[in-house]
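Analysis of the macromolecular model
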Amino acid sequence: MNSQLVTQVAVYVVVAVLMIYRNTRPQKMSLTRMWVAPILFTAMTALAIWGAQQTNPAPAWTVGAAVIVGLALGAPLGILRGKHTGVRATETPGVMYLDASWVVLALWLGAFAVRALVRALVPQGITATLVGDGLIVFAISTVVISYVEIYRKYRALEHAAGQI
């Protein structure tokens, strides 16, 4: 088994464990901590795209197009997910409760699974790389945009409570 495959599987396992842990229980979190996971997952997404470019290079414009399509398809779902996530204020300003959400978990893990499936079924090359990259960007854009919506909901709760 080659070391690149082992590394890729290890990253997927770590991400899956973190996502399962995070998204199966309500979380009390600060505004600062809320942005840690999306930043880490965005960095991991960029690293996955960069890694794919090392093994199956594609023209920059096609990678850009895959990223834009992923963002365009993920944004509406992120908005919807953010609007439907329960957010409750706490007694401490800047801290909230987020209800558990299996939707994010399913999206993220599903995107990685579909990406792996596409890469297994479609002959290795630019097409498999671009479809995989678009799927990963779709997943992360859904997560990041949902957190923007959650942030807006929390700010509205703070404002209503007179904490701002």
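Before any of the text, the structure's been laid out above.
Cut-offs and rules
- Residues numbered from 1 in each chain as written.
- Predicted model: local features only at pLDDT ≥ 70, side-chain atom pairs only at ≥ 80, totals over all residues.
- Heavy atoms only, no water.
- Core = buried A, V, L, I, M, F, W, Y, C linked by side-chain atoms within 4.5 Å.
- Buried < 20%, exposed > 50% of the residue type's maximum accessible area, 1.4 Å probe, protein only.
- Helix = DSSP H or I, 4+ residues; strand = E, 2+ residues; numbered from the N terminus.
- Contact = heavy atoms within 4.5 Å.
- Pairing = 2+ DSSP bridges.

**A word on the nonpolar core**
Counting 14 residues, the largest nonpolar core has Met34, Val87, Met96, Leu98 and Ile150 as its most contacted members. For this core, the secondary-structure elements that each account for two or more residues are α1 (3–23), α2 (31–34), β3 (95–98) and α6 (126–161). Considering every element that reaches this core, the biggest residue donor is α6, with 5 residues. The residues touching Ile150, leaving out its near neighbours within four places in the chain, are Met34, Arg81, Gly82, Thr85, Val87, Met96 and Leu98. In terms of nonpolar packing, the next biggest core, distinct from the first, is built from 6 residues, Ala58, Val63, Ala66 and Leu130 among them.

**A short note on the pairing of β3**
Looking along a regular strand, one sees side chains alternate from face to face of the sheet. Where strand β1 (residues 27–30) lies against β3, 4 bridges are found, and the strand directions are antiparallel. Note on β3: the bridge partner recorded for Lys28 is Tyr97. Pairing of strand β2 (residues 87–89) with β3 involves 3 bridges; the strand directions are antiparallel. Counterpart to Val87 in the pairing with β3 is Leu98. Between β2 and β3, which pair antiparallel in sequence order, lie 5 residues; one of them, Gly94, sits at a positive phi of approximately 85 degrees.

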